[in-house]
Amino acid sequence: MTFQEALTDAEHALDLSGSDPARALALARSVLASLAASCRADAPAGDAAEGGATRSGEPEIGASQDEGPEGGGPAERLAGCGHCETEAVAHRAAAVAARELGDLPFAEEHLRRAVRIALSAGLPHRAAQARLSLVHVRTELGHPEQALALASDAEPGLTPAEVGKLDVHRAVALARLGRYREAVDHCDRAVRVLGGDVRFLAGAMLNRGLARVFLGELGAAEADLSRCAELARGAGLEHVLALAEGNLPFLAARRGDLPAAFGAYRRAESVLVGYPERLATVRCDLAEALISAHLPGEARVLLEAAVPELAAAGAGTALAEALLLLARVELRTGDPHRARESADLAARELTAQGRTILVPVAEEILLRARLALESPTAELAATMLSCADALDAAGHRDTSEALRLTVAEVSLGLGDRPSAEHQLALLSRPGRGMVALHATALLRALAGDRRGAFAAVLAGLAEVGAETRTFEDPVVRAHAARAGEPLARFGLALAMRTGRGHAVLAWAERWRAVTGGAGRPLAPRPAALRAALGESVLVEFVRHEGDLAAVVVTRDRMTLRRLGPFPAVAEATVRLRYGLRRTHLLDGRAPEPGAEATELERLLFGPLRDRLADRPLVVVPTGTLHTLPWPLLPMNADRPVTVAASAAAWLAGRRVPSVRDGREEAVPMAVAGPGLRYAEAEARMVGECHRGTERVAARRAEVMAALERADVAHLAAHGMFSPRSPLLSSIDLDDGPLMAYDLLRLRTPPALVVLSACEAGMAHAPADGAPLGLAGTFLSLGTRCVVASLVPVRDEETLALMTAFHEALAAGDPPARALAVAGGKSGVAGFVCFGRGDEPPWPTGKDRPPEAIGEKGP
């Protein structure tokens, strides 16, 4: 191979690195191997072994270049032979290809060799080109400031078109430093000079689009990403095309379109499967958008998958940011131990990278994790104040104010009222938002002005409600509302001090209204609630400073009862569910759940029995109680029980029509999913009980369409509950899972939904009033009642229960009573009636099928 042929191959490898990086790397290796062989042939016999080979027999690419330009190794000899330019280009081609494949340390090593070789041979332009490529690699390795300095060194030796390429790489470094407007400006400059260089023009569009997403310019960002995809598709740049499409989930999540974001992410996973570092970056971008959308559980799943890949690739910049995001979501999802570890790693990485603007953010997470794990001390409070000062200096004002409020509360707990009042006075200035209102409420309470404190709390909850009302997605709304949770807890604490049931119910309901999407912190009128209950009794559970209390509402009065420590109730609930799961799954010698059920009944209802009698029961749970199979408690045998997210939600269920406008009869549907022995028999049974039942194929599109037109839906299928990510809870169908986030597209869901699937009724409640899961999603969309299981139930037992349930339903019983009857007949526990279960799906006799009112058909 001649010198010119080798140089041509090296430059071809460089051109190929964007469209086929694996082939480009192989070609660059081949060029370097041929140069090494030529070098050995020209070298004196004593030097022939210096080029060497790896233990596998493959030539060791450029190993001898570790010697400086003054050394007597092959670099000096190659300079004399005229090989140096070819070798510098080949090293650069290998590095750029390796960077596309995610091997950042390899890329840096070979770019530095290219620079050294070019400088030793007196080739400043080739050295500047290698530095141009090194800018991006140094950024991704965690040194964006150094990358910008390197760009400044490289620029004088580049042509105008190459400066455009350099600007594309500069934009990445600037974006990593949060300088998004400057990143856009550099991409604009690059676009003007790149001309027909499709690869870098597509890169400029990609980088500008991402910077614009962070700037909130979503329309322009979408146009850039679409243009990037168009250019990449036309030029066969599959890797760049995958990146453009891989960032669509991030854009969709920033827009608030979470179903589209998850759908785009699933596509991105398939196209980026061969590029783990790139896929990890896409996961981090989507996770950041999900955090902004108040979905920490979903973000944590993505980040836990991304962090190991970024660490393996040596992607220091992205790794530090991912660790910081992971620490934040670990803290928000109740895992302070992990949050402390991740925040400590993030702080060390950021400090080493010189990214001091983010270090106080990591330290704030560390301090909050300490506060969750340790008893507060004066030393911890002082450290938190120092961190708040550092956050102010770095421009993180909102985070600083929230931390100062926490310091004030810690100081109050330590008995240091002067320090607390000082911080509260700093925060309670008009027009400062939620933190200011909370500080005002605390100051007024300290001064004995309870009425004024309640007014400040109410104003704060109204502000949260106005912000969260715009979110259609119940998961986003619930997590967004958590910004007001400390204020809501304080309002409830003030109400508990009054000892009055109506005050406690009102403040508990105001918070549930905000998290449930009402928009305003409104509580139902006591008279309206009592009148609607009739002979039923409503029990709303609330938590206050680690204790559990209940407000009991009957037709004639409201009563507040304190029940004792909440952890004891939570632990008993977990034990009961564990025993019930083992019983149903026949997992060895299962403990008898009866003892745990009796103990839970004592803890929850012992002080309330005089108010309950044998009335139908409406339960409004809190926390872990959302996972309790309430009909299993001994006192609830044969008793209709309904579980509601709030008293107001139960009242609102009366306004949901049983059948759609213009219909005389309800239209039922039935679906039999795959993998269940009795699913087909269950679907046939539904058709036998309810005239006109539509059998729907177990495919997602068909099921979604049928849910839009049915009044009663029965889905017999396997179910999966995702506690960290309730939107990922699903029902198995023939063509894949129907997930909760798919259901968000429904506009007219059925009035009654029966989810005959294991654990389909399970919920994660990030805030009272917002139980999230499959059942909660249906209810948030307007379904009046959902019947679903909270534990695994064997197939044959489910068929027996559901047969008795639908027979009772067809006979005119409301869902809650029908479920009680079915449980008594079948002896099967675990299913619960959610929503408004005390009204039948057919409102009048003429609307029910003839079989349902005891008549024979013609």
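Here's a quick rundown of the structure.

Overview of the overall build of the protein chain
And step 1. Helix and strand content of the protein chain: 38 helices and 14 strands.
And step 2. Pairs at least 24 residues apart make up 69% of the contacts formed inside the protein chain by residues separated by at least 6 positions.
And step 3. Accessible surface for the protein chain amounts to roughly 33,500 Å². Of this, 52% is attributable to carbon and sulfur atoms.

Details of helix α36 (residues 774-781)
And step 1. Listed as buried for α36 are Leu774, Ala775, Gly776, Thr777 and Phe778.
And step 2. Buried residues along α36 sit against α34 (700-709), β10 (730-733), α35 (740-743), β12 (752-756), β13 (785-789) and β14 (831-835).
And step 3. At the exit of α36 stands glycine 782, carrying a positive phi of roughly 120 degrees.

Details of the packing of aromatic side chains
And step 1. Scanning the model with the defined rule gives five aromatic pairs in all.
And step 2. Here tyrosine 180 and phenylalanine 214 contribute two aromatic rings whose centre-to-centre distance is 4.7 Å and whose plane-to-plane angle is 5 degrees, an arrangement assigned as stacked. Taken as a pair, tyrosine 180 in helix α9 (residues 180-194) and phenylalanine 214 in helix α10 (residues 198-215) lie far apart in primary sequence, 34 residues in all.
And step 3. In this structure phenylalanine 214 comes out as partly exposed when scored by relative accessible area, which is 25%.
And step 4. Between phenylalanine 541 and tryptophan 630, the aromatic rings sit 5.8 Å apart at their centres with planes inclined by 25 degrees, giving stacked as the arrangement. Residue phenylalanine 541 is located in strand β1 (residues 537-544), and its partner tryptophan 630 is located in the loop between β4 (617-620) and β5 (641-643); the two are separated by 89 residues in the primary sequence.

Section: the layout of surface pockets
One way to see where empty space is left: roll a probe the size of a water molecule over the atoms.
And step 1. Estimates place the volume of the second largest pocket at around 1,000 Å³.
And step 2. Lining the second largest pocket are 39 residues, and of these Gly516, Ser646, Ala649, Ala652 and Leu779 lie nearest its centre.
And step 3. Listed by contribution, the elements that provide at least two residues to the lining of the second largest pocket are α25 (474-481), α27 (501-515), α32 (647-652) and α36.
And step 4. In terms of residue count, the dominant contributor to the lining of the second largest pocket is α32 (five residues).
And step 5. Looking at the lining of the second largest pocket residue by residue, the class counts come to 20 nonpolar, 11 polar and eight charged.

Observations concerning the side chain of threonine 139
And step 1. As for its placement among the helices and strands, threonine 139 is situated in helix α6 (residues 124-140).
And step 2. Residue threonine 139 is classed as buried on the basis of its relative accessible area, which comes to 0%.
And step 3. Those residues in contact with threonine 139 that sit more than four places away from it in its chain are Pro144, Ala147, Val172, Ala173, Arg176 and Thr317.

Details of the environment of glycine 164
And step 1. Within the secondary structure, glycine 164 sits in helix α8 (residues 160-176).
And step 2. Under the relative-accessibility criterion, glycine 164 is labelled buried at 1%.
And step 3. Separated by 36 residues in sequence, glycine 164 and phenylalanine 200 have C-alpha atoms that sit 8.4 Å apart.
And step 4. Excluding residues within four positions of it along the chain, glycine 164 makes contact with Ala190, Val193 and Leu194.

Overview of the nonpolar core
And step 1. If you look at the biggest cluster of nonpolar residues, it comprises 126 residues, and the most contacted ones within it are Leu303 and Leu310.
And step 2. Not counting the four nearest positions on each side in its chain, leucine 310 is found in contact with Glu277, Ala280, Thr281, Cys284, Ala315, Ala318, Leu319 and Ala322.
And step 3. Core analysis: the second largest hydrophobic core is formed by 60 residues, Leu548, Leu563, Ala706 and Ala713 among them.

Quick look at helix α20 (residues 378-393)
And step 1. End to end, α20 covers 23 Å across 16 residues, agreeing with the expected 22 Å (1.5 Å per residue, within 8%).
And step 2. Those residues of α20 that sit buried are Leu380, Ala381, Met384, Cys387, Ala388 and Leu391. Projected onto a plane normal to the axis of α20, the buried residues spread over an arc of 120 degrees and lie on a single side. For α20, exposure combined with an orientation more than 90 degrees from the buried face picks out Ala378 and Ala393.
And step 3. On its buried side, α20 packs onto α19 (359-373) and α21 (397-413).
And step 4. In the stretch just after α20, glycine 395 is the one whose phi turns positive, near 90 degrees.

Comments concerning the packing of helix α5 (residues 104-120) against α6
And step 1. Between α5 and α6, the shortest axis-to-axis distance is 9 Å and the interhelical angle comes to 160 degrees. The angle between α5 and α6 places the two elements in the roughly antiparallel class. As for how α5 packs across α6, the hand of that crossing is left-handed. In this structure, α5 contributes Leu104, Ala107, Glu108, Leu111, Arg112, Ala114, Val115, Ala118 and Leu119 to the contact, and α6 contributes Arg126, Ala127, Ala130, Arg131, Ser133, Leu134, Val137, Arg138 and Glu140.
And step 2. For the contact of α5 with α6, the per-class residue count stands at 11 nonpolar, one polar and six charged.

Some remarks on the sheet that holds strand β9 (residues 719-720)
The strands that make up a sheet are held in pairs by hydrogen bonds between backbone atoms, and each pair lies either parallel or antiparallel.
And step 1. Reading across the sheet, the three strands line up as β9-β10-β11 and stay open at both edges, with antiparallel pairing between neighbours. Bordering the open sheet on either side are β9 and β11 (736-739), each of which pairs with just one other strand.
And step 2. Sheet analysis places β9 next to β10, joined by two bridges and oriented antiparallel. Looking across to β10, one finds that glycine 719 is bridged to isoleucine 731.
And step 3. Taken strand by strand, α34 contacts β10 and β11, and its axis lies near 30 degrees from that of β11.

Concerning the packing of helix α17 (residues 316-332) against helix α18 (residues 336-352)
And step 1. Direction vectors running N to C along α17 and α18 enclose 155 degrees, while the axes themselves pass 8 Å from each other. The pairing of α17 with α18 is recorded here as roughly antiparallel in orientation. In the crossing of α17 with α18, the sense of the turn from one axis to the other is left-handed. Of the residues in α18, those touching α17 at Gly316, Ala320, Leu323, Leu324, Leu326, Ala327, Glu330 and Leu331 are Pro336, Arg338, Ala339, Ser342, Ala343, Leu345, Ala346, Glu349 and Leu350.
And step 2. For the contact of α17 with α18, the class distribution of residues is 12 nonpolar, two polar and three charged.

Quick notes on the side chain of glutamine 353
And step 1. Checked against the element boundaries, glutamine 353 lands in the loop between α18 and α19.
And step 2. Classification of glutamine 353 as buried rests on a relative accessible area of 7%.
And step 3. A polar contact is formed between the side chain of glutamine 353 and the side chain of arginine 355, at a distance of 2.9 Å.
And step 4. Every residue in contact with glutamine 353, bar those within four places of it in the chain, is listed here: Gly142, Gly316, Thr317 and Ala320.

Details of the pairing of β13
And step 1. Counted residue by residue, β13 has five buried out of five residues, so it is predominantly covered.
And step 2. Alternating positions in β13 separate into two faces, Cys785, Val787 and Ser789 on one and Val786 and Ala788 on the other, with burial throughout.
And step 3. The pairing of β12 with β13 spans four bridges and is parallel. The residue bridging valine 753 from the neighbouring strand is valine 786, located in β13.
And step 4. On the question of chirality, the crossover connecting β12 to the parallel β13 by way of α36 is right-handed.

Describing the state of the cysteines
And step 1. Following the criterion strictly, the structure yields zero disulfides and no others.
And step 2. The structure places no disulfide on cysteine 785, whose sulfur is separated from the nearest cysteine sulfur, that of cysteine 833, by 3.3 Å.
And step 3. Residue cysteine 785 is classed as buried on the basis of its relative accessible area of 2%.

Criteria and cut-off values
Residues numbered from 1 in each chain as written. Predicted model: local features only at pLDDT ≥ 70, side-chain atom pairs only at ≥ 80, totals over all residues. Heavy atoms only, no water. Helix = DSSP H or I, 4+ residues; strand = E, 2+ residues; numbered from the N terminus. Contact = heavy atoms within 4.5 Å. Areas by Shrake-Rupley, 256 points an atom, 1.4 Å probe, with all protein chains shown as cover. Buried < 20%, exposed > 50% of the residue type's maximum accessible area, 1.4 Å probe, protein only. Phe/Tyr/Trp six-rings, centres within 6.5 Å; stacked < 30°, edge-to-face > 60°. 1 Å grid on protein atoms, 1.4 Å probe; cavity = no way out; pocket = protein on both sides within 12 Å on 5 of 7 lines; lining within 4 Å. Points joined across faces, edges and corners; volume = space filled by probe spheres on them. Nonpolar A, V, L, I, M, F, W, Y, C, P; charged D, E, K, R; others polar. Core = buried A, V, L, I, M, F, W, Y, C linked by side-chain atoms within 4.5 Å. Expected span 1.5 Å × (residues − 1). Arc of directions from axis to C-beta. Axes fitted to C-alpha atoms, helices over the stretch in contact; angles between N-to-C directions. Parallel < 35°, antiparallel > 145°, perpendicular 65-115°, else oblique. Left-handed = near helix turned anticlockwise from the far one by under 90°. Pairing = 2+ DSSP bridges. Polar contact = N/O pair within 3.5 Å; in protein donor to acceptor, adjacent residues only side chain to side chain. Right-handed = clockwise from strand over helix to strand, strands pointing away. Disulfide = S-S within 2.5 Å.

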